[in-house]
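The residues making up each chain are set out below.
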Amino acid sequence: MDRVVQQSSPIREVDATPYAASLIEGHRDFGYSLETALADVIDNSISAGATTVQLIADTASEEPTIIIADDGCGMPEAELIEAMRLGSKNPADKRAADDLGRFGLGLKSASFSQCRSLTVISAQDSKLSCARWDLDRVSRRNDWSLELLDHHSTIPGVELLSDHGTIVVWQKLDRLIGGYGDDRVKRISHLNEALGLAERHLRLVFHRFLEGRNPKIRLLLNGRALKPIDPMASTHPSTQKSPEEVLALSKGTVRIRCYTLPHHKKMTRDEWEEVGGPEGHLKSQGLYIYRENRLIISGGWLGLARQTELTKLCRIAVDIPNTMDSDWKIDVKKASAQLPPQVRERLRKVVEHFVGTSKRTYRRRGQQLVDETKQPIWNRIQRDGQVFFRPNADHPVFRAYADQLPDDLKDGFYRCIRIVGSGLPIETLHAELVGNAESVVADHADEEDLRQLVITMGDALLGSGIPADAISGAMQSHPVLRDNWYLAQELIKEYLNQSEVGGLA
């Protein structure tokens, strides 16, 4: 019986090298902003052991320039060439524990996203090496030839180099100044605004490196040292912290710690606004994911909870090692990630238990305002599943005034009070309180109003058997008097002195 021998089909090969001009332009569109691009370049400086990183932005000249200079270990020419190669590192390769890199694309893609000319000068043992990618040149030649520059005395920032370190120079900032044509004033304004946003981002992303008496790095913007922004307010005396949880997995250890920020009344306005950021506390609540102490996710619940007004004090710090990059799907920009199933399962339980802390903080303060023992101006009433607020007609101020009215006017007075309660602008209050609760304040009470409140409450308290030496403490629990306590103390003292004279008389 004849055997049929099947021969494999011949394999043909063809050169499919990507077109340099097309591919290098594509590397401009990974979604970097100025702040994420700068952060990615600074990652390289930290990985190189830098202790000082300087950002110098020349926004006023006809050809604006941004320079990132560090005092790290620097690179010889061969290493610099490799660093300038696109995809110079395999993300699957084993890395040092403090390596903030990922794909070997950050320096190039981050830079190309902002400029068309990237020059890197590096010094090691006082020997300088210099290389440049100029996208206009690559486009003309359509090849991958990197420029090596032997004469670099005219390159901006070269004077910042000592015997070791690296300088990254961005020129032809088309993405940052594009769209403004010859309008130099608007170009400068736009650049400065972008740098302002970048400054806050860097203070937040690298806050762990900038903190403490002996920070790991100093970060300067045009000669001004940047101070860290700790989103957890971890050193504030009123911040609540849970014990750290440790989740040991096959590729590394995940550390989880929950923080509840202080109520805004326990922080200064500057502290509150700095921690909340430009979008406010409603948007900044949630998970803060750190990769080797570098912040990569700042806020949001990644589908584990909803952002609500009552949970806006909640922050959860999640620390991961760089050995888990593939599990977390860290992107090129190191600005997004996905929760691995095991971590998601554990965090879901942590979040469900934790968000109640923030809710209780707000509800406790709200309950204090309507506590019956403190003679509230408003009563909270719950009926048929609904909650409404009604002016407390039995408040000493209202009663004292009603007692001075003729009988035929008392009903009208109490009707006016009820109408005020019925007209409470619930929808407007809700709109103002969502995301902006700290800016909603009580109307100012003038001195005569406070004096009348002190007199009527004092008479009621004394009449109910409260001793005179306990009157001040009892009145301090009243929200109107507490919010104006400096003046209220004097009025209470005046009232008690008059009451003592009257009693003696």
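Residues numbered from 1 in each chain as written. Predicted model: local features only at pLDDT ≥ 70, side-chain atom pairs only at ≥ 80, totals over all residues. Heavy atoms only, no water.

(A) Highlighting the overall build of the chain. The secondary structure content of the chain amounts to 19 helices and 16 strands. Looking at the 505 residues of the chain, the share that counts as buried comes to 44%. For the chain, the proportion of contacts with a sequence separation of at least 24, taken over those separated by at least 6, is 66%. Entry remark: accessible area of the chain is about 28,000 Å², with carbon and sulfur atoms responsible for 50%. (Helix = DSSP H or I, 4+ residues; strand = E, 2+ residues; numbered from the N terminus. Buried < 20%, exposed > 50% of the residue type's maximum accessible area, 1.4 Å probe, protein only. Contact = heavy atoms within 4.5 Å. Areas by Shrake-Rupley, 256 points an atom, 1.4 Å probe, with all protein chains shown as cover.)

(B) Spatial organisation of empty space enclosed by the protein. Tallied over the full model, the rule gives 1 cavity of 30 Å³ or more. Here the largest cavity defines a volume of roughly 40 Å³. Considering the residues around the largest cavity, the lining is formed by R451, I455, L491, E494, Y495 and Q498. Elements with a minimum of two residues in the lining of the largest cavity: α16 (447-463) and α19 (485-504). Examining the composition of the lining of the largest cavity, we find that 4 residues originate from one element, α19, more than from any other. Looking at side-chain class alone, the lining of the largest cavity contains 3 nonpolar, 1 polar and 2 charged residues. (1 Å grid on protein atoms, 1.4 Å probe; cavity = no way out; pocket = protein on both sides within 12 Å on 5 of 7 lines; lining within 4 Å. Points joined across faces, edges and corners; volume = space filled by probe spheres on them. Nonpolar A, V, L, I, M, F, W, Y, C, P; charged D, E, K, R; others polar.)

(C) Layout of the side chain of D134. Here D134 is to be found in strand β4 (residues 127-134). Polar side-chain contacts of D134 include one of 3.0 Å to the side chain of K172. With sequence-adjacent residues up to four places away left out, D134 is seen in contact with R116, S117, E147 and K172. (Polar contact = N/O pair within 3.5 Å; in protein donor to acceptor, adjacent residues only side chain to side chain.)

(D) Looking closely at the pairing of strand β1 (residues 52-58). Here β1 pairs with strand β7 (residues 218-221) via 4 bridges, running parallel. Within β7, the residue paired with Q54 across the bridge is L220. Between the antiparallel neighbours β1 and strand β2 (residues 65-70) lie 6 residues. (Pairing = 2+ DSSP bridges.)

(E) How the structure looks around the packing of aromatic side chains. Counted by the stated rule, this structure contains 4 aromatic pairs. Residues W133 and W144 carry aromatic rings whose centres are separated by 6.4 Å and whose planes lie at 90 degrees to one another, so their mutual orientation is edge-to-face. Taken together, the residues span a long stretch of sequence, with W133 in strand β4 and W144 in the loop between α5 (135-141) and β5 (147-148) at a distance of 11 residues. For W133, a relative accessible area of 4% puts it in the buried group. Above the ring of Y290, the side-chain terminus of R208 is found at 3.6 Å from the ring centroid. (Phe/Tyr/Trp six-rings, centres within 6.5 Å; stacked < 30°, edge-to-face > 60°. Lys NZ or Arg CZ within 6 Å of the ring centre and 35° of its normal.)

(F) Spotlight on the packing of helix α13 (residues 396-403) against α16. Following both chains from N to C, one finds α13 and α16 inclined at 95 degrees, their axes separated by 8 Å at the closest point. Taken as axis vectors, α13 and α16 run roughly perpendicular relative to one another. Every residue of α16 that contacts α13 at P396, V397 and A400 is listed here: L453, T456, M457 and A460. Residues belonging to the contact of α13 with α16 are distributed by class as follows: 6 nonpolar, 1 polar and no charged. (Axes fitted to C-alpha atoms, helices over the stretch in contact; angles between N-to-C directions. Parallel < 35°, antiparallel > 145°, perpendicular 65-115°, else oblique.)

(G) Up close: the nonpolar core. Within the largest apolar cluster, 49 residues are counted, with the highest numbers of intra-cluster contacts made by L34, L38, I42, I66, I68, W170 and L202. Setting aside chain neighbours within four positions, we find I66 in contact with L34, L38, I56, A57, V168, V169, W170, L173 and L176. L249, I256, C314 and M324 belong to the second-largest nonpolar core, a separate cluster that totals 26 residues. (Core = buried A, V, L, I, M, F, W, Y, C linked by side-chain atoms within 4.5 Å.)

(H) Structural view of the environment of T51. Its place among the elements puts T51 in the loop between α2 (34-47) and β1. Note on T51: relative accessible area 42%, which makes it partly exposed. T51 sits 19 residues away from D70 along the chain, and the two C-alpha atoms are 7.6 Å apart. Aside from chain neighbours lying at most four places away, what touches T51 is D71, K216, I217 and R218. Within the structure, the side chain of T51 is placed 2.7 Å from the side chain of D71, a separation counted as a polar contact.

(I) Quick look at the confidence of the model for the chain. Looking at the chain as a whole, the pLDDT averages 84, with 87% of positions reaching at least 70. Considering only residues more than four positions removed or in separate chains, one finds that residues 366-373, a stretch of pLDDT under 50, has 10 contacts. (pLDDT = per-residue confidence, 0-100.)

(J) Inspection of the environment of N222 at higher detail. Examined against the element boundaries, N222 turns out to sit in the loop between β7 and β8 (224-225). The spatial distance from the C-alpha of N222 to the C-alpha of I67 is 9.8 Å, given a sequence separation of 155 residues. Excluding its chain neighbours within four sequence positions, the residues that come into contact with N222 are L55, I56 and A57.

(K) A look at unusual backbone geometry. For L302, which is not glycine, the phi torsion reads 50 degrees and is therefore positive. In this structure, L302 sits in the loop between β13 (294-298) and β14 (314-320). A positive phi angle, near 55 degrees, is found at K329, a position not held by glycine. Its place among the elements puts K329 in the loop between α11 (325-328) and α12 (341-369). In this structure K329 comes out as partly exposed when scored by relative accessible area, which is 49%.

(L) Layout of the sheet that holds β7. Spatially, 8 strands are ordered β5-β4-β3-β6-β2-β1-β7-β8 in an open sheet, and the strand pairing comes out mixed. Here the strands that pair on one side only, and so sit at the sheet edges, are β5 and β8. One ladder, built from 2 bridges, connects β7 with β8; its direction is antiparallel. Note that in β8 the partner of L221 across the bridge is R224. Relative to β2, α2 is tilted by about 25 degrees, and along the sheet it contacts β1, β2, β6 (165-171) and β7. Contacts between helix α3 (residues 77-84) and the sheet are confined to β3 (117-124), β4 and β5, with β4 contributing the most and set at about 20 degrees to the helix.

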